[in-house]
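What follows is each chain in one-letter form.
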Amino acid sequence: MWPACVLKKEEIVQWLQSYCKQNGFTITMDGLEYMKHLLELWQDVPVSFLRTEFDRYFLLLPPKGKITQDFLIHNGSDYGAKNIFLFKEALLQKDAATLLALFPFMLQNKESERAMSYIEGQLRLQLMVSECKGTGLSEREVQDLFKKYESATKPYPITLAYRQRNVSVRALAKLLRGLYEVMRNSRRGEGDLSYFKDLCLAYCKS
């Protein structure tokens with residue numbers, strides 16, 4: 001049955017898995033992780049929109065098809081959360097061309113603070129995992145370390161961060177420091193958001 005109440009993120013993720021299974025499809029681990037990112041970015045979870053979206057996906061897939069992150073990125077509707085996720089991915093991969101294409105959206109006043117807050121959280125996770133990896137810890141040991149200190153971060157995001165290539169801890173830390181400054185000044189009504197663009201492009205060159 002379609003839920004009439006407002007659901008929390010984890011409840012929606014569980015519902016999506018069940019809804020896909022009921023219709024003869026599977027949503028993969030990376031597809032679920034992508035949806036979690038989108039749900040984190042949405043102010044209010046548009047439940048009816050999600051059902052309409054997934055009904056559309058079912059029509060695009062062969063019987064018993066799999067809904068992957070790549071499928072969702074290429075076939076999902078063009079909404080703000082999608083652009084913010086793509087920006088974060090392009091930044092970690094140092095894809096300056098994609099960043100330049102998305103900057104006009106990212107620097108919109110109504111999106112900038114929400115976008116930067118999300119990106120800051122993702123960069124902070126990447127930095128912590130990369131620092132642990134740099135000390136010689138295995139992927140499993142990093143996951144166990146997060147669990148030991150009662151982190152709310154699930155194992156799969158840690159796995160993705162651990163397997164991220166070409167991460168310079170020093171350059172990433174510098175980017176985070178700059179981002180903190182941009183966010184602080186923005187909340188005070190000071191500074192220039194275009195500095196965020198300079199920080200990101202400088203990271204791509206690192």
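Up top is the structure.
Residues numbered from 1 in each chain as written. Predicted model: local features only at pLDDT ≥ 70, side-chain atom pairs only at ≥ 80, totals over all residues. Heavy atoms only, no water.

Moving on, we come to the nonpolar core. Generally speaking, a soluble globular protein has its nonpolar side chains buried in company with each other. Judged by nonpolar contacts, the single largest core of 58 residues is most densely connected at Phe 54 and Phe 87. Counting residues per element, this core draws most heavily on helix α10 (residues 169-187), at eight residues. Apart from the residues lying within four places of it in its own chain, the contact partners of Phe 87 are Leu 99, Leu 102, Phe 103, Met 106, Ile 119, Phe 196 and Cys 200. Counting residues in hydrophobic clusters, the runner-up holds eight residues, among them Cys 132, Val 142, Ile 158 and Ala 161. (Core = buried A, V, L, I, M, F, W, Y, C linked by side-chain atoms within 4.5 Å. Buried < 20%, exposed > 50% of the residue type's maximum accessible area, 1.4 Å probe, protein only. Helix = DSSP H or I, 4+ residues; strand = E, 2+ residues; numbered from the N terminus. Contact = heavy atoms within 4.5 Å.)

Moving on, we get to the packing of aromatic side chains. Enumeration over the complete set of coordinates arrives at ten aromatic pairs. An angle of 40° between the planes, with centres 5.7 Å apart, marks the rings of Tyr 19 and Phe 58 as tilted. One end of the pair, Tyr 19, is in helix α1 (residues 9-22); the other, Phe 58, is in helix α3 (residues 47-60), with 39 residues separating them in the sequence. As far as burial versus exposure is concerned, Tyr 19 and Phe 58 are alike and both buried. Among the aromatic residues, those joined into a ring-pair cluster are Trp 15, Tyr 19, Phe 25, Phe 54, Tyr 57, Phe 58 and Phe 71. Positioned above the aromatic ring of Tyr 203, the side-chain terminus of Lys 94 is 5.1 Å from the ring centre. (Phe/Tyr/Trp six-rings, centres within 6.5 Å; stacked < 30°, edge-to-face > 60°. Lys NZ or Arg CZ within 6 Å of the ring centre and 35° of its normal.)

Before going further, it helps to spend a moment on the pattern of salt bridges. According to the stated counting rule, one finds six salt bridges in the structure shown. With a closest N to O distance of 2.8 Å, Arg 124 and Glu 120 form a salt bridge. Taken together, the residues span about one helical turn, with Arg 124 and Glu 120 both in helix α7 (residues 109-134) at a distance of four residues. Judged by its relative accessible area of 37%, Arg 124 is partly exposed. Look at Glu 120 and you get buried, because its relative accessible area is 10%. A salt bridge links Arg 140 to Asp 144; its shortest N-O distance comes to 3.3 Å. Of the two residues, Arg 140 and Asp 144 both sit in helix α8 (residues 139-148), four residues apart, roughly one turn of that helix. The class for Arg 140 is exposed, based on a relative accessible area of 57%. (Salt bridge = Lys/Arg side-chain N within 4 Å of Asp/Glu carboxyl O.)

A few words on the environment of Leu 160. One can find Leu 160 in helix α9 (residues 155-162). Accessibility expressed as a relative area gives 37% for Leu 160, which makes it partly exposed. Along the sequence, Leu 160 and Glu 33 sit 127 residues apart, while their C-alpha atoms lie 9.9 Å from each other.

This part is about unusual backbone geometry. Glycine aside, residues mostly have negative phi, and peptide bonds are mostly found in the trans state. Phi angles above zero are rare outside glycine, and Lys 94 is one such case at about 55°. Take Lys 94: it is sitting in the loop between α5 (80-92) and α6 (96-106).

All right, on to the packing of α5 against α6 then. Where α5 contacts α6, the axes come no closer than 10 Å and their chain directions differ by 140°. On the basis of the axis angle, α5 is oblique to α6. Note that α5 runs across α6; the crossing there is left-handed. The segment α5 lies against α6, with Gly 80, Asn 83, Ile 84, Leu 86, Phe 87, Ala 90 and Leu 91 engaging Thr 98, Leu 99, Leu 102, Phe 103, Phe 105 and Met 106. In terms of residue class, the contact of α5 with α6 is built from ten nonpolar, three polar and no charged. (Axes fitted to C-alpha atoms, helices over the stretch in contact; angles between N-to-C directions. Parallel < 35°, antiparallel > 145°, perpendicular 65-115°, else oblique. Left-handed = near helix turned anticlockwise from the far one by under 90°. Nonpolar A, V, L, I, M, F, W, Y, C, P; charged D, E, K, R; others polar.)

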